[in-house]
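Coordinate analysis (summary)
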Amino acid sequence: MPFIKTEKTMFETHFKAELKRLNLKRYDVCELINCTMPTLKSRLQNPESFTIGEILILENVNFNLIGIIIINKIVKQ
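Treat the numbers as computed from the prediction; the structure is a model and nothing was measured.

Overview of the pattern of salt bridges
By the definition in use, this model includes two salt bridges. Close ionic contact of R21 with E18 constitutes a salt bridge, the shortest N to O distance being 2.7 Å. Placement of both R21 and E18 in helix α1 (residues 5-21) is noted, with a separation of three residues, approximately one turn of the helix. In this structure E18 comes out as buried when scored by relative accessible area, which is 7%. A salt bridge links E54 to R43; the nearest nitrogen and oxygen atoms lie 2.9 Å apart. In this pair, E54 is assigned in helix α4 (residues 52-60) and R43 in helix α3 (residues 37-45), connecting sequence segments eleven residues apart. According to the relative accessible area criterion, E54 is buried, its value standing at 9%. Judged by relative accessible area, which is 17%, R43 ranks as buried.

The following block contains the structure:
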């Protein structure tokens, strides 16, 4: 089930905050998870499309995606 607009906005806002907190650029994330910029943009539009492997890679550099994904799932229920 795709995220509704407010959830998408909340996820993207959190994602941008994490980038800033870690002093990373979107291109750095692309390099970390071995994807193209269009793929990353697609992932941000549909956060449930992040693979577990990608989330774990980002978690290893202290990028907190799990928290926001769990919050979004609770909000949807």
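Read on, since the account is not over.
Overview of the confidence of the model for the chain
On average, residues of the chain score 83 in pLDDT, and 77% of them are at 70 or above. When mean pLDDT is taken per element in the chain, helix α2 (residues 26-33) scores highest with 97 and helix α5 (residues 66-76) scores lowest with 65.

So, α3
Taken as a whole, α3 has its buried residues at M37, L40, R43 and L44. Across the axial projection of α3, the buried residues extend over an arc of 115°, all falling on one side.

Conventions used here
- Residues numbered from 1 in each chain as written.
- Predicted model: local features only at pLDDT ≥ 70, side-chain atom pairs only at ≥ 80, totals over all residues.
- Heavy atoms only, no water.
- Salt bridge = Lys/Arg side-chain N within 4 Å of Asp/Glu carboxyl O.
- Helix = DSSP H or I, 4+ residues; strand = E, 2+ residues; numbered from the N terminus.
- Buried < 20%, exposed > 50% of the residue type's maximum accessible area, 1.4 Å probe, protein only.
- pLDDT = per-residue confidence, 0-100.
- Arc of directions from axis to C-beta.

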